[in-house]
Amino acid sequence: MTDFTKTRTLFHLPEGIIYLDGNSLGPLPISAQARVARMMGAEWGEQLIKGWNSARWFTQPRRVGDRIGRLIGAQEGTVVMGDTLSIKVYQALAAALALNPDRRVVLSDNGNFPSDLYIAQGLLKALDRELELRIVDPEDVETAIDESVAVLMVTEVDYRTGRLHDMKALTARAHAAGAITVWDLAHSTGAIPVDVAAAGADFAVGCTYKYLNGGPGAPAFIYVAPKHLETAQPALSGWMGHAAPFAFDLEYRPGSGIDRMRCGTPPVIALAALEAALDAWDAVDMAAVRARSIELCDLFISAVEKRCPDLVLNSPRDGNKRGSQVSFRHPEGYAIMQALIAQGVIGDFRAPDSMRFGFTPLYIGDSEVRGAVDVLEHILTNRLWDLPEYRRKAAVT
Ligand SMILES: *Cc1c(COP(=O)(O)O)cnc(C)c1O
């Protein structure tokens, strides 16, 4: 049994705020403050460079990777931490393409997060061998998988609508057509049960500052299926992924297994915060998180549709086809979200007109859902969004 009243005590949630944006940046796990302070003081401060061995900073990317692995169904030694998600997408896609050298197409969909598509565009340009990025509607991905596809690169949960791809079915279909798969789990990890091994995914990547609460800029992860561990070519061949980083050879030789997907020096301070954040997941059953998340999302959808009829649902109605977030559309979505934030209900806005709300059972319950809908109804009924200051776009929306 997962006790969600207990998990919520693990987080710092500012007084008077209803936080429905943990899908974008999770809140501060209280223990992360002490863990980072210890890293700064007792480790960096006192041990200086000795900390790479004595405080085990050097092996931390693997240790933390194994803990993430338990949340995504990956066996030990197949996940490593480092860099940002965009960079992990580059590594995974480059390695996947190299495993399928006779084909030319990378297949993705227009519900993918733009950074993944940008990275693919940049990589294909750099490879300069007439590769094509084919972008279809999310509903058409399955039928677009044919024998021209080298790599299927998709994000399991659509960042805008929460629509869920069937990872197992699409991977099977891709394999039947001879394609390699790269799954982005940015909005899946910590949100829904994931089993990369059961799905047969070849590569998977994800970030840790969303549902895993690792903090702004927390490092990303990459998973490589056991069958590819010794053949996957690391395109970003940095010294930390070398077979013998401290031999200082002039020639690159990939490290064994997942270590080759390391690139440069790991972000040790950020990894310390993430390690503390992962403690929250030790006592959590992902099936219970999933069931509760669907309840919370369903409650929000039914209350909004009843009380805020101007808003149009922009997410699958069936909870099993949705991640842990719900979007509603309105032509003035941006201004409405600013008014909500001003009144202490934090969600976010995704262009052109989507208001996005994340539901994270670890620290959100029915009372927050009801409270948020109360404020939303109040703002819409009284047109409180209709102020020039709510229309001014900030750099980050
Ligand atoms: C959040 C997110 C990113 C962000 O990448 P960063 O390199 O961490 O900024 C990339 N892809 C997807 C699918 C995301 O949801």
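About the criteria used
- Residues numbered from 1 in each chain as written.
- Predicted model: local features only at pLDDT ≥ 70, side-chain atom pairs only at ≥ 80, totals over all residues.
- Heavy atoms only, no water.
- Helix = DSSP H or I, 4+ residues; strand = E, 2+ residues; numbered from the N terminus.
- Rg over C-alpha atoms; globule rule 2.2 N^0.38 Å.
- Buried < 20%, exposed > 50% of the residue type's maximum accessible area, 1.4 Å probe, protein only.
- Contact = heavy atoms within 4.5 Å.
- Lys, Arg positive; Asp, Glu negative; His and termini not counted.
- Charge placed at Lys NZ, Arg CZ, Asp CG, Glu CD.
- Salt bridge = Lys/Arg side-chain N within 4 Å of Asp/Glu carboxyl O.
- Polar contact = N/O pair within 3.5 Å; in protein donor to acceptor, adjacent residues only side chain to side chain.
- Phe/Tyr/Trp six-rings, centres within 6.5 Å; stacked < 30°, edge-to-face > 60°.
- Near = heavy atom within 4 Å.
- Areas by Shrake-Rupley, 256 points an atom, 1.4 Å probe, with all protein chains shown as cover.
- Pairing = 2+ DSSP bridges.
- Axes fitted to C-alpha atoms, helices over the stretch in contact; angles between N-to-C directions.
- Domains from an automatic or database assignment.
- Buried area = accessible area lost by both parts, 1.4 Å probe.

**A closer look at the overall build of the chain**
Stage number 1. Of regular secondary structure, the chain possesses 14 helices and 15 strands.
Stage number 2. Here the chain has a C-alpha radius of gyration of 22 Å; the compact-globule value for 397 residues is 21 Å, and the two agree.
Stage number 3. C-alpha extents for the chain along the principal axes are approximately 70 × 55 × 45 Å.
Stage number 4. Across the 397 residues that make up the chain, the buried fraction comes to 56%.
Stage number 5. Long-range contacts, defined here as pairs at least 24 residues apart, represent 72% of the contacts in the chain between residues at least 6 apart.
Stage number 6. The averaged location of the 48 negative side-chain charges in the chain is 2 Å from the averaged location of its 40 positive side-chain charges.

**Description of the side chain of Arg-103**
Stage number 1. Residue position: Arg-103 is located in the loop between helix H5 (85-98) and strand S5 (105-109).
Stage number 2. No salt bridge is formed by the buried Arg-103. Its closest oppositely charged neighbour is Glu-147, at 4.8 Å.
Stage number 3. A polar atom in the side chain of Arg-103 sits 3.2 Å from the backbone oxygen of Glu-147.
Stage number 4. In this view, Arg-103 contacts Arg-129, Leu-131, Asp-146, Glu-147, Ser-148, Val-149, Ala-150, Ala-177, Gly-178 and Ala-179; residues no more than four positions away in its chain are not counted.

**Comments concerning the packing of aromatic side chains**
The relation between two aromatic rings is expressed through the spacing of the ring centres and the mutual angle of the planes.
Stage number 1. Here the structure, examined in full by the defined rule, presents 11 aromatic pairs.
Stage number 2. A ring pair is formed by Phe-246 and Phe-248, whose centres lie 5.7 Å apart and whose planes are at 85°; its orientation type is edge-to-face. Each of the two residues, Phe-246 as well as Phe-248, counts as exposed.
Stage number 3. With a centroid separation of 4.9 Å and an interplanar angle of 50°, the aromatic rings of Phe-300 and Phe-359 are classed as tilted. Of the two residues, Phe-300 sits in helix H11 (residues 286-307) while Phe-359 sits in the loop between strand S15 (354-358) and helix H13 (366-381), which places them 59 residues apart along the sequence. Pair check on accessibility: Phe-300 and Phe-359 agree, each one buried.
Stage number 4. In textbook terms, an aromatic cluster arises when at least three aromatic residues are bridged by ring pairs, as seen for Phe-58, Trp-239, Phe-246 and Phe-248.

**Examining the site of the ligand**
Stage number 1. Around the ligand sit Thr-84, Leu-85, Ser-86, Phe-113, Asp-116, Thr-155, Asp-184, Ala-186, His-187, Tyr-209 and Lys-210, and that is every residue in its neighbourhood.
Stage number 2. Thr-84 places a polar side-chain atom, nitrogen or oxygen, 3.2 Å from an oxygen atom of the ligand.
Stage number 3. Contact between the ligand and Asp-116: a nitrogen atom at 2.6 Å from a side-chain N or O atom of the residue.
Stage number 4. For the ligand, whose accessible area on its own is 390 Å², the fraction buried by protein is 85%.

**A few points about the sheet that holds strand S6 (residues 132-136)**
Stage number 1. A sheet is described by the order of its strands in space; here seven strands give the open sequence S4-S10-S9-S8-S7-S5-S6, paired in mixed fashion. With partners counted over all chains shown, the strands left at the sheet margins are strand S4 (79-81) and S6, one partner each. Sheet twist, expressed as the mean angle between neighbouring strand axes with direction ignored, is 20°.
Stage number 2. Sitting on the sheet, helix H4 (residues 60-72) touches S4 and strand S10 (221-224), and the angle it makes with S4 is about 125°.
Stage number 3. The strands touched by helix H8 (residues 167-176) within the sheet are strand S7 (149-155) and strand S8 (180-184), with S8 carrying the most contacts at an inclination of about 155°.

**Quick word on the pattern of salt bridges**
Stage number 1. Summed over the entire model, instances satisfying the criterion amount to 26 salt bridges.
Stage number 2. Between Glu-230 and Arg-260 there is a salt bridge, with its nearest N and O atoms 3.4 Å apart. On the criterion of sequence distance, the pair formed by Glu-230 in the loop between S10 and helix H10 (268-279) and Arg-260 in the loop between S10 and H10 is long-range, its members being 30 residues apart.
Stage number 3. On the basis of relative accessibility, which here comes to 51%, the residue Glu-230 falls in the exposed class.
Stage number 4. The class for Arg-260 is buried, based on a relative accessible area of 5%.
Stage number 5. Arg-329 is paired through a salt bridge with Asp-353; the nearest N and O atoms lie 3.1 Å apart. Highlighted residues: Arg-329 in strand S12 (residues 325-329) and Asp-353 in the loop between strand S14 (348-350) and S15, separated in sequence by 24 residues.
Stage number 6. A residue is classified by how much of its surface remains accessible, and Arg-329, at 37% relative accessible area, is partly exposed.
Stage number 7. Under the relative-accessibility criterion, Asp-353 is labelled buried at 16%.

**A look at the domain arrangement of the chain**
Stage number 1. Per the domain assignment, the segments making up the chain are domain 1 (32-281) and domain 2 (285-391).
Stage number 2. Here the C-alpha centre of domain 2 lies 30 Å away from the C-alpha centre of domain 1.
Stage number 3. Of the residues lining the interface, 17 residues belong to domain 1; the matching set on domain 2 comes to 21 residues.
Stage number 4. Summed over the three residues of domain 1 that lose the most area to domain 2, namely Arg-160, Thr-161 and Tyr-211, the buried surface amounts to 33% of that side.
Stage number 5. Our count for the domain 1 to domain 2 interface comes out at zero salt bridges.
Stage number 6. Connecting domain 1 to domain 2 are 10 residue pairs in polar contact (both at pLDDT 80 or more).

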